Amino acid sequence: MTQADQIFENRRHAMTGLAYRMLGSRAEAEDVVQDAWLRWREVDEARVDNPGAFLNRVVSRLCLDRLKSARARRELYVGEWLPEPVVDVDETFGLGENLTVAFLLALERLTPLERAAFLLHDVFDTPFSEIAATLDRSEAAVRQLAARARDHVKAGKPRYKPSADEERRLTQAFIAAALSGDAGTLRGLLAQDVVMHADGGGKASATMNPVFGLENAVRLLEGIARKWPQPDDVAVRLARINGQPGVVLSHAGVVIQTMGLDIVDGRIAAVYTMRNPDKLARVAP
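Residues numbered from 1 in each chain as written. Predicted model: local features only at pLDDT ≥ 70, side-chain atom pairs only at ≥ 80, totals over all residues. Heavy atoms only, no water.

1. A short note on the overall build of the chain
Tallying secondary structure elements over the chain gives eleven helices and six strands in all. The C-alpha atoms of the chain give 20 Å as radius of gyration, which agrees with the globular expectation for 285 residues (19 Å, within 12%). Projected onto the principal axes, the alpha-carbon positions of the chain cover approximately 65 × 40 × 40 Å. For the chain, the accessible surface area stands at approximately 13,700 Å², while carbon and sulfur atoms represent 50% of it. Distance between charge centroids for the chain: 3 Å, based on 37 positive and 39 negative side chains. (Helix = DSSP H or I, 4+ residues; strand = E, 2+ residues; numbered from the N terminus. Rg over C-alpha atoms; globule rule 2.2 N^0.38 Å. Areas by Shrake-Rupley, 256 points an atom, 1.4 Å probe, with all protein chains shown as cover. Lys, Arg positive; Asp, Glu negative; His and termini not counted. Charge placed at Lys NZ, Arg CZ, Asp CG, Glu CD.)

Next comes the structure, spelled out in structure tokens:
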């Protein structure tokens, strides 16, 4: 492996994590990193003073280009769009609260430049002077971009850290109650202001919009269990979905659904269900 190869490989995890948070797609993140590699091969690394800053700049600009078309695609997206789930994460994407679905959805409300400035500074500790060069903006301008973004994403940060035992207990109880349509148990597990999110992408059945409130959520889950029960031999395994507790459902060796849970004060405050087969292709059964 050449020195240039080693420099790139040392930065691969960070670049993939940045691109995923920018785009909400694992597949696109990996494509961006591959494009960055092709550009890196054309550079004389001996003339690059700071390879990390250079590669972050390349990845950020590639992501900004992709976000322009992504926004147009999402306007045509069928139902609610959720980020592609990252299951049982490793160091490739980085751990922590900035991988949760709530956080990624908060990023979706930002402009592309706000998203880039915030992620580069607050998540990846990039100096504002480097961000200014990346975004072709003044340092003062990128400070303002990051500050505006910071205000918007506060709501997407976890307010509560459940213990591992609490996560396991609530997750197991929830999936059993959801699959059986046990309304009484569901009422004891879900928060009063619970929000049910689902993404089918027009390719699998899912609610078109988020469902708000305890009773609406219970009716939804009870109705699904009654009208569209899962196969008797469906396989269910506990997993980490974007760093939070959840489950992976598979049938005949094919993943058909993931469900990630946001737990707050001992209750399930949000459920993120992914049923779009395109976004489940990389999830192991």
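That was the structure; now back to the text.
2. What to know about helix α1 (residues 3–23)
Spanning 21 residues, α1 covers 29 Å between terminal C-alpha atoms, matching the ideal 30 Å at 1.5 Å per step. Of all the bends found along α1, the most pronounced is centred on R12 and spans about 45 degrees. In this fold, the buried residues of α1 make contact with α2 (26–41), α3 (51–75), α4 (101–108) and α5 (112–123). Phi for G24, located one or two positions after α1, is positive at around 70 degrees. (Expected span 1.5 Å × (residues − 1). Bend = angle between axes of the 7 residues up to and from the residue. Contact = heavy atoms within 4.5 Å.)

3. Quick word on the sheet that holds strand β1 (residues 190–199)
In space, the six strands of this open sheet follow the order β2-β1-β6-β5-β4-β3, with mixed pairing throughout. Here the strands that pair on one side only, and so sit at the sheet edges, are β2 (211–212) and β3 (235–241). Relative to strand β4 (residues 244–251), helix α8 (residues 164–180) is tilted by about 40 degrees, and along the sheet it contacts β1, β3, β4, β5 (254–264) and β6 (267–274). (Pairing = 2+ DSSP bridges. Axes fitted to C-alpha atoms, helices over the stretch in contact; angles between N-to-C directions.)

4. Examining helix α10 (residues 214–227)
One full turn of an α-helix is made of 3.6 residues, so residues set three or four places apart face in the same direction. With 14 residues, α10 extends 20 Å between its outermost C-alpha atoms, agreeing within 8% with the 20 Å of an ideal straight helix rising 1.5 Å per residue. Those residues of α10 lying buried are L214, A217, V218, L221, G223 and A225. The secondary structure elements touched by the buried residues of α10 are α8, α9 (183–189), β1 and β2. (Buried < 20%, exposed > 50% of the residue type's maximum accessible area, 1.4 Å probe, protein only.)

5. With respect to the packing of aromatic side chains
Each aromatic ring pair is described using two quantities: the centre-to-centre distance and the angle formed by the ring planes. Within the structure shown, the criterion is met by three aromatic pairs. On the numbers, 6.1 Å between centres and 40 degrees between planes, the contact of F103 with F118 is tilted. Taken as a pair, F103 in helix α4 and F118 in helix α5 lie far apart in primary sequence, 15 residues in all. Residue class for F103 comes out buried when judged on its relative accessible area of 1%. (Phe/Tyr/Trp six-rings, centres within 6.5 Å; stacked < 30°, edge-to-face > 60°.)

6. Thoughts on the packing of α5 against helix α6 (residues 128–135)
Where α5 contacts α6, the two axes come as close as 10 Å, and the packing angle between them is 150 degrees. On the basis of their axis angle, the class for α5 and α6 is roughly antiparallel. Judged by the sense of rotation from one axis to the other, the crossing of α5 with α6 is right-handed. Together, L113, A116, A117, L120 and H121 of α5 and F128, I131, T134 and L135 of α6 make up the contact between the two elements. (Parallel < 35°, antiparallel > 145°, perpendicular 65-115°, else oblique. Left-handed = near helix turned anticlockwise from the far one by under 90°.)

7. Structural notes on the pattern of salt bridges
Following the criterion strictly, the structure yields 17 salt bridges and no others. Note that R61 and D136 form a salt bridge whose closest N and O atoms lie 3.5 Å from each other. Placement of the pair is R61 in helix α3 and D136 in the loop between α6 and α7 (139–153), with a sequence separation of 75 residues. Given a relative accessible area of 34%, R61 falls into the partly exposed group. Each of E28, D35, R66 and R73 takes part in one network of salt bridges that share partners. (Salt bridge = Lys/Arg side-chain N within 4 Å of Asp/Glu carboxyl O.)

8. A closer look at the packing of α5 against α7
Close contact between α5 and α7 brings their axes to 8 Å; oriented N to C, the two are set at 90 degrees. Taken together, the axes of α5 and α7 lie roughly perpendicular to each other. Across from L113, E114, A117, F118, H121 and D122 in α5, the residues of α7 making contact are V142, L145, A146, R148, A149, R150 and V153. Among the residues forming the contact of α5 with α7, the class breakdown is eight nonpolar, one polar and four charged. (Nonpolar A, V, L, I, M, F, W, Y, C, P; charged D, E, K, R; others polar.)

9. Quick notes on the side chain of T273
Following the sequence through the fold, T273 ends up in strand β6. Residue classification places T273 among the buried positions, given a relative accessible area of 8%. With near-sequence residues (within four places) excluded, T273 lies in contact with L82, H197, A198, D199, Q257, T258 and M259.

10. Let's talk about the pairing of β5
For β5, the tally of buried residues reaches nine of eleven residues, placing the bulk of the element in the interior. Strand direction decides the pairing type here: β4 and β5, joined by six bridges, are antiparallel. Looking at the pairing, G246 lines up with G260 of β5. In sequence, β4 turns back onto β5 through a hairpin of two residues, with A252 there showing a positive phi of about 55 degrees. Strand direction decides the pairing type here: β5 and β6, joined by seven bridges, are antiparallel. Counted as the bridge partner of I263 is I268 from β6. Between β5 and the antiparallel strand that follows it, β6, lie two residues; D265 among them carries a positive phi value of about 50 degrees.

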